[in-house]
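So the chains spell out like this:
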Amino acid sequence: MEQRAAIALTVNGEPREFRGRADTPLLWVLRDAFGLKGTKYGCGAGDCGSCVVLVQGEPRHSCTLPILEAAGKNVLTIEALAREPQQPLIQAWIAEQVPQCGYCQPAQLLTASWLLKRHPQPSDAQIDDAMSYVLCRCGSYPRIRRAIHRAAAWALDAPRQGTQALGALPAAAGAGGGVMLNPWLRVNRDRSLTLMVDRSEMGQGVITGLAMLVAEEMEIGLDRLRIEFAPAAPEYANALIGEQATGGSTSIRAAWDSLREAAAAARERLIAAAAERWDVKRAECVAEAGEVVHHCSGRRAPYAALATAAAAGRAPRGVKPKRAREFRLIGRSVPRIEVPDLALGRAVFALDVTRPSPLDAVLARSPSFGGRVASFDASRALRVPGVVKVLEVGGAVAVVAEDVPAALAGRDALEVSWDLSGACALDSDAIRARLAAALERRGASARRRGSIERALRSAKHVVEARYETPYLAHATMEPMNCIAEVTDDACDIWVGMQSQQGAQACAMEITGLPRERVRVHTTYSGGGFGRRLETDYVAEAVRLAKMLHRAVRVLWTRADDLRHDFYRPASLTAFRAGLDARGGLSAWLQRIAGPELALGEVEIPYAIPNLSVVRIKEDPGVPTGYWRSVGASQNAFSIECFVDELAHAAGKDPLAFRLALLAHEPRHRAVLELAAERAGWHDKLAKGRGRGIAVYRSYGSWVAQVAEVSAGDGGAWRVERMVCAADCGTVVNPDAVCAQMEGAVVFGLSAALHGEITLREGAVVQSGFEDYPILRMRDTPEIEAHLVPSHAHPGGVGEPGVPPVAPAVANALFAATGRRVRRLPLQHQ
């Protein structure tokens, strides 16, 4: 029988009353009944901590706490903390630029505030103990630690002024209309500029990075820029991808020339409009601080006064963006303009979007890949209060309800029979066997020079090894979700998405509507890592909205997210290499077996006279997709670990062995030497400790990692320190790049130490962060990130830091223990 009641509680100092089911989780009461969206859904099981609020001053997981247990109690959410923006903790959070995607940050801040009340001057151990219950997939742990220590120190001082204005200018408020100078720039009447951000913000700092490119050319401060996410449109296509999409660490690389040129052309249009108005020479006018100035006469005009004439004027020809020596912003570490909103729960993610009378839906999907619905019995599900419809859609069964708890309860009551006759029936051992058998096939040559067979026959010493990598899930902290509305003549989609045009095309196919009638409203994304390039969750929302003629919000649970992903593929690599009498590397044969995405991004920069790389495509039928650094993350592990084996077989130092083979690769050498220097590569370590090194080029950047490992009794070991050196070409915002490298280390360590998706009878075993763990604060080593100065074209940033992490750690483990681990994850072998 349904248990309904009027439950009174105090939320952020104000009396509140909830009328509904007494077992409704506090999370959904706060979010949907009270409109407090800063508290996030991450797992629904109390594992990730994104839902943490303070109840009677203590951290509680609101996703598992029934509202009845909060009756009569005081509940504090991030919205209350945000009322005191000048308090030391918030200012420290902003000063350290803690957030990346920001999804977990409200919970992190609330937990940190609780910690500082208990321990005003906390030790690292106390920080570890308190903060390890809130996960951060982006890996902001080092900055969280620094922010807490900074806040503790500041709390001893007198009240301080804010270190950063708290949030970007609102997208529209106060702008009073405006004039578009091109698809990216609008001049507003209040003297601000609006930048249409045509990429997705998932924590990589693309909003501020693109804003810096524009502000540099437009001669305006970042504090006068408004931000809007661009609609899906062909003019926003990523030149390096071919569509409007965010992936492959391309955002700055693709915009470096085109966006700066567009901003420079807009600036020149404004200058030309002023010169014509004043009847002076164009060369006598300059742009300064959002105005055009004619110093000879002292006249000046804000961009807003010139915008209409500038937009109507002829587009200038031959305009070139600034040269490096003219930069005033690019190359400086500036605070990300989106950080305050991310930290204080004000950034809008797709789950935060509110539409009139929305329905919530969760779907039951085949447990095995390729299964189909045979039949279902919805009678029990429809008896759950709040459930309004159960229907088959896209090979799954959707339970649609008035709220999320009712939808989840309805799905639990649903009875579905699955037709698994055409489904994948493999388990993990069978997949490994298939990959091993594939290595015996001929394959396709990907790279070849010299005579590999002759070189191996004549080698003084032949070294052989096999390396294996598992399937991996993306495990973004924000699970997949989307809200859609479909009418007879329009479709609107609100979604955190890496491919706006992909989402638009998906909806066009389902609805039959033309492109101009399908509008994609991009929100912030709680991590992406390639998962949000897929449109499966968008299709579900659009199909349901079309069928029900209502706004429908589709939510994936953490188990849905892990068991129905597009995974980084598994792979198996076999090596044979030859060393000559002096320990020189004379031959290299590499054979890689796996799905298509495992066979790319094979980078062997070493000067090897005889080399052969063979690819053997073997796809067991598990869905695969782009995953942060894709094939580079797998091939770097095998290649750089095998190079380490060869150095050991040759009796040479692993760093010296690499450098000798990289005489004609200065950028590889530079990052290796910088990482080694900062890590103290040649310093003696205590017994039971070891260092490992690895280097890899991917996505236009060069990254080296040095890992330091300590080994204890009984086989236990841990990573103590990671030192990263990166050459990303011209760096727009150095601190943001360092944050990405720090996060890449944490992300890479999660995969290297723990990450593994296993299958049983074609179904994924893992269902949550308990059996698919990611790094927690207490497990995070000391991390340093260093950048090689460069004026080269910008390289990628979000992905290149990941590939060298696993091999550096595996090589350090060997140095510490003498045990060579050739299969990931390292902690499970």
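Structure first, text after, so check above.
Nothing here was measured: the structure is a model prediction, and the numbers come from that model. Per chain, residue numbering runs from 1 following the sequence as it is written. Thresholds applied to this predicted model are a pLDDT of at least 70 for local features of residues and 80 or more for the giving and counting of side-chain atom pairs; totals over whole chains, interfaces and linings are not thresholded and use all residues. Side-chain numbers come from the whole structure's heavy atoms, not from hydrogens or water.

Student: Just give me the short version of the overall build of the chain, but keep the residues and values in it.
Tutor: A run of DSSP states H or I qualifies as a helix once it reaches four residues; a run of E qualifies as a strand once it reaches two. Both are numbered from the N-terminal end. Secondary structure assignment for the chain yields 22 helices and 32 strands. Its C-alpha radius of gyration of 28 Å places the chain within 12% of the 28 Å reference for a compact globule of 829 residues. C-alpha atoms of the chain, sized along the principal axes, occupy 85 × 75 × 60 Å. Three labels apply to residues, based on accessible area from a 1.4 Å probe with only protein chains included: buried if under 20% of the type maximum, exposed if over 50%, partly exposed otherwise in between. Here the chain holds 829 residues, and the buried ones make up 62% of them. Any two residues having at least one pair of non-hydrogen atoms within 4.5 Å are treated as being in contact. Partitioning the intrachain contacts of the chain with sequence separation of at least 6 by distance along the chain shows that 73% fall at a separation of at least 24. Only carbon and sulfur atoms are counted for the fraction: they give 49% of the accessible area of the chain, which is about 30,800 Å². Atoms considered for the radius of gyration are the C-alpha atoms alone. The globule rule reads 2.2 Å times the number of residues to the power 0.38. Methods summary: accessible areas were calculated by the Shrake-Rupley approach with a probe of 1.4 Å, and residue burial reflects only the protein chains presented.

Student: Hey, could you go over the sheet that holds strand E25 (residues 585-594) for me, with residue numbers and the actual values?
Tutor: With respect to topology, five strands assemble into an open sheet ordered E18-E26-E25-E24-E19, the strand pairing being mixed. Only two strands of the sheet have a single neighbouring strand rather than two, namely strand E18 (444-449) and strand E19 (461-469). Within this sheet the neighbouring strands show an average axis-to-axis angle of 10 degrees, counted without direction. Note: two strands are recorded as paired if DSSP finds a minimum of 2 bridges between them. Alignment of strand E24 (residues 571-579) against E25, held across eight bridges, turns out to be antiparallel. In this description, a line fitted to the C-alpha atoms serves as the axis of each element, helices being fitted only across the stretch in contact, and the angle between N-to-C directions of two axes falls anywhere from 0 to 180 degrees.

Student: How would you sum up unusual backbone geometry? Please name residues and give values.
Tutor: Across the junction of Leu824 and Pro825, the peptide omega takes the value 0 degrees, indicating a cis bond. Non-glycine residue Glu219 carries a positive phi angle of around 55 degrees. Here Glu219 lies in the loop between helix H7 (206-218) and strand E9 (225-229).

Student: An account of the packing of aromatic side chains is needed here, citing residue identities and associated values.
Tutor: When two rings of Phe, Tyr or Trp (its six-membered ring) have centres within 6.5 Å they constitute a pair, described as stacked for plane angles under 30 degrees, edge-to-face for angles over 60, and tilted for the intermediate range. All chains considered together, the criterion is met by 14 aromatic pairs. Look at Phe229 and Tyr524: their rings are 5.4 Å apart centre to centre, the planes differ by 85 degrees, and that puts the pair in the edge-to-face class. Taken together, the positions of Phe229 in strand E9 and Tyr524 in the loop between strand E22 (518-522) and helix H16 (536-548) put the pair 295 residues apart, joining distant regions of the chain. Tyr524 carries the same exposure label as Phe229, and that label is buried. Geometrically, the ring pair formed by Phe575 and Trp588 is edge-to-face, given 5.3 Å between the ring centres and 75 degrees between the ring planes. Placement of Phe575 in strand E24 and of Trp588 in strand E25 is noted, with a sequence separation of 13 residues between them. For the pair shown, Phe575 and Trp588 are each scored as buried. The structure contains a cluster of three or more aromatic residues connected by ring pairs, namely Tyr467, Phe575, Trp588, Phe637 and Phe642. Residue placement shows Arg260 over the ring face of Trp256; its charged tip is 3.9 Å from the ring centre. Here, a charge over a ring is recorded when the distance from Lys NZ or Arg CZ to the ring centre is within 6 Å and its angle to the ring normal is within 35 degrees.

Student: So what's going on with H7? Residues and values would help.
Tutor: To estimate the expected span of a helix, count its residues, drop one, and scale the result by 1.5 Å. Between its first and last C-alpha, H7 extends 18 Å over 13 residues, near the 18 Å set by a 1.5 Å rise per residue. Among the residues trailing H7, Glu219 stands out with phi positive, at a value near 55 degrees.

Student: How would you summarise the pattern of salt bridges if you had to cite specific residues and measurements?
Tutor: A pairing counts as a salt bridge when a side-chain nitrogen of Lys or Arg comes within 4 Å of a carboxyl oxygen of Asp or Glu. Applying the stated criterion across every chain, the model contains 62 salt bridges. The partner of Arg186 in a salt bridge is Glu228, and the shortest N-O contact between them spans 2.5 Å. One end of the pair, Arg186, is in strand E7 (residues 185-188); the other, Glu228, is in strand E9, and 42 residues separate them in sequence. Across the pair, exposure class does not vary: Arg186 and Glu228 are buried alike. For Asp198, the salt bridge goes to Arg199, with nearest N and O atoms at 3.6 Å. For the pair Asp198 and Arg199, one class covers both residues: buried. Because the salt bridges share partners, they merge into one network encompassing Asp32, Lys37, Asp360 and Arg553.

Student: For the environment of Ser379, give the residues involved together with the corresponding values.
Tutor: With respect to the helices and strands, the residue Ser379 is situated in helix H11 (residues 379-382). Each C-alpha atom, one on Ser379 and one on Val390, is 9.2 Å from the other, the two residues being 11 residues apart in sequence. Any pair of N or O atoms that falls within 3.5 Å is considered a polar contact. Within protein, one atom must be able to donate a hydrogen and the other to accept it, and sequence-neighbouring residues count only if both atoms are side-chain atoms. Within polar-contact distance, the side chain of Ser379 engages the side chain of Asp377 at 2.8 Å.

Student: Which residues make up the sheet that holds strand E10 (residues 285-288), and what values go with them?
Tutor: Taken in spatial order, the three strands line up as E10-E11-E12 in an open sheet, and their pairing is antiparallel. The sheet is open, and its two borders are formed by E10 and strand E12 (299-302), each paired with just one other strand. Each adjacent strand pair in this sheet contributes to an overall mean axis angle of 25 degrees, direction not counted. Alignment of E10 against strand E11 (residues 291-294), held across four bridges, turns out to be antiparallel. Paired with Glu288 across the strands is Glu291, a residue of E11. Sheet strands in contact with helix H9 (residues 303-312) are E10, E11 and E12, and its direction is about 75 degrees off that of E12.

Student: Can you tell me about the side chain of Arg365, naming the residues and giving the values?
Tutor: Assignment of secondary structure puts Arg365 in the loop between strand E13 (359-364) and strand E14 (372-377). In this structure the side chain of Arg365 is engaged in a polar contact, spanning 3.3 Å, whose partner is the backbone oxygen of Leu363. Reaching out from Arg365, the side chain makes a polar contact with the side chain of Glu540 at a distance of 3.0 Å. Those residues within four positions of Arg365 in sequence are excluded, and the remaining contacts are Ala396, Arg411, Trp418, Glu540, Trp556, Asp560 and His564.

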